[in-house]
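Residue-level listing of the chains:
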Amino acid sequence: MKRVITYGTFDLLHYGHINLLRRAKQHGDYLIVALSTDEFNWNKKQKKCYFDYEKRKQLLEAVRYVDLVIPEENWDQKVSDVKEYHVDTFVMGDDWKGKFDFLKDHCEVVYLERTPEISTSQIKNDLYNK
Ligand code: C2G
């Protein structure tokens, strides 16, 4: 079984996220999503989520492409995650292109094209300016 992992906040889950998850799953048979915790988002990514971790986890677990959701608590857990979960392929959107190439020593690294014109901040701006 080919195991794939990806990381993110996935707040206000939208079709850009779903496009990423669908394509990530195409790289294997089992997709793990390491979901940024509220603390990690706030302390390290300066992101204030609309939905808390449990709600974002619940949403992701309802997505047909996702097999397991685990917490992402820090920037440095990726190598241990790849080892612990026997990951074959690491996938991220290409806004992160090159940033995780150090993982090539441990697994395949794939950057997928981001879906244009949609982002959580765009949704928030559009709603705020309605
Ligand atoms: N994404 C995408 N298209 C969009 C928006 C997002 O393909 N229009 C992808 C991103 O490239 C990322 C994933 O969806 O691969 C999740 O996006 P975010 O929740 O914004 O993740 P981010 O905050 O970039 O966290 O350790 C890595 C970080 O946790 C990544």
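Just above sits the structure.
Criteria and thresholds
- Residues numbered from 1 in each chain as written.
- Predicted model: local features only at pLDDT ≥ 70, side-chain atom pairs only at ≥ 80, totals over all residues.
- Heavy atoms only, no water.
- Helix = DSSP H or I, 4+ residues; strand = E, 2+ residues; numbered from the N terminus.
- Rg over C-alpha atoms; globule rule 2.2 N^0.38 Å.
- Buried < 20%, exposed > 50% of the residue type's maximum accessible area, 1.4 Å probe, protein only.
- Contact = heavy atoms within 4.5 Å.
- Areas by Shrake-Rupley, 256 points an atom, 1.4 Å probe, with all protein chains shown as cover.
- Lys, Arg positive; Asp, Glu negative; His and termini not counted.
- Charge placed at Lys NZ, Arg CZ, Asp CG, Glu CD.
- Pairing = 2+ DSSP bridges.
- Axes fitted to C-alpha atoms, helices over the stretch in contact; angles between N-to-C directions.
- Salt bridge = Lys/Arg side-chain N within 4 Å of Asp/Glu carboxyl O.

It is worth spelling out the overall build of the protein at this point. Summing up its helical and strand segments, the protein has 5 helices and 5 strands in all. Seen in sequence order, the protein has helices and strands lined up from the N terminus as β-α-β-α-α-β-α-β-β-α. A compact globule built from 130 residues should have a C-alpha radius of gyration of about 14 Å, and the protein, at 14 Å, falls within 12% of that. Along the first, second and third principal axes, the C-alpha set of the protein runs to 45 × 30 × 30 Å. Across the 130 residues of the protein, 48% fall into the buried class. The contacts in the protein between residues at least 6 apart in sequence include a share of 64% that link residues at least 24 apart. Entry remark: accessible area of the protein is about 7,600 Å², with carbon and sulfur atoms responsible for 49%. Here the protein contributes 21 positive and 22 negative side-chain charges, whose respective centroids are spaced 3 Å apart.

Quick look at the sheet that holds strand 4 (residues 89-93) now. An order of 3-2-1-4-5 is seen for the 5 strands of this open sheet, with the pairing classed as parallel. Two strands bound the open sheet, and with one partner strand each, they are strand 3 (68-72) and strand 5 (108-112). For this sheet, the mean angle separating the axes of adjacent strands, direction not counted, is 25°. Here 5 bridges tie strand 4 to strand 5, and the two strands are oriented parallel to one another. Residue Val91 lies in a different strand from strand 5, and its bridge partner there is Val110.

Now for the pattern of salt bridges. In total, this model carries 8 salt bridges according to the counting rule given. For Lys2, the salt bridge is made with Glu108, and the minimal N-O distance between the two is 3.7 Å. With Lys2 in the segment before strand 1 (3-8) and Glu108 in strand 5, the pair connects residues that are 106 residues apart, well separated along the chain. Two residues, Lys55 and Asp52, come together in a salt bridge whose shortest N-O distance is 3.4 Å.

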